[in-house]
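Fold and geometry: a report
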Amino acid sequence: MKWFRRKNEQSWEIVGCECIDPVSMIDDDDDELDIQRVRDTATCGTYIFDLGKHSPQGSDYCRAVLFARQQLFQEIAKNGYNVLVLESWTLILYRKGKSHRIEVQYAGRPAYVSGKPPPVRPPPFMAVLESQHLFS
């Protein structure tokens, strides 16, 4: 199969990328947590945010990751899970001319906890995104 691109059309260039490897979201001192089942594989979602000519700020990156995580939680809830025991994410910033696009790939290992699930912690290493010079 051949892919064709218009001669005058610019392609998206990658400006920057941040990857966070899987991090345990369950504390070691959470002995009272009753995990009933854990999925064998991770669940992953990819979400793209077109910013147009708006130059992205640190808060844009954080909102994109939070939205991606929220969407992933909705997906795992459809399959009967209520927590993520491992979480990871990748954020990629693209540019085409003066337009920008953010792509977030959010992954997690879903599990079902009976009773009251633990309080939801923020996604791992969000402070990395808050620095203004991240992709400049």
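What comes next is a walk through the structure. (Residues numbered from 1 in each chain as written. Predicted model: local features only at pLDDT ≥ 70, side-chain atom pairs only at ≥ 80, totals over all residues. Heavy atoms only, no water.)

In this structure, V65, W89, L91, I102, V104 and L129 are the most contacted members of the largest nonpolar core, which totals 19 residues. Put simply, the parts of the chain that give this core at least two residues each are α1 (58-78), β4 (83-96) and β5 (99-114). Here the element with the most residues in this core is α1; it accounts for seven residues. Other than its neighbours up to four places away in sequence, W89 contacts E18, C19, I20, V65, Q105, Y106, P123, P124, F125 and L129. Counting residues in hydrophobic clusters, the runner-up holds six residues, among them I26, V85, A111 and V113. (Core = buried A, V, L, I, M, F, W, Y, C linked by side-chain atoms within 4.5 Å. Buried < 20%, exposed > 50% of the residue type's maximum accessible area, 1.4 Å probe, protein only. Helix = DSSP H or I, 4+ residues; strand = E, 2+ residues; numbered from the N terminus. Contact = heavy atoms within 4.5 Å.)

Attention shifts here to the pattern of salt bridges. With the rule as written, the count across this model stands at five salt bridges. Note that R101 is salt-bridged to D50, the shortest N-O span being 2.6 Å. With R101 in strand β5 and D50 in strand β3 (residues 43-52), the pair connects residues that are 51 residues apart, well separated along the chain. Assessed through its relative accessible area of 52%, D50 is described here as exposed. For D60, the salt bridge goes to R63, with nearest N and O atoms at 2.6 Å. (Salt bridge = Lys/Arg side-chain N within 4 Å of Asp/Glu carboxyl O.)

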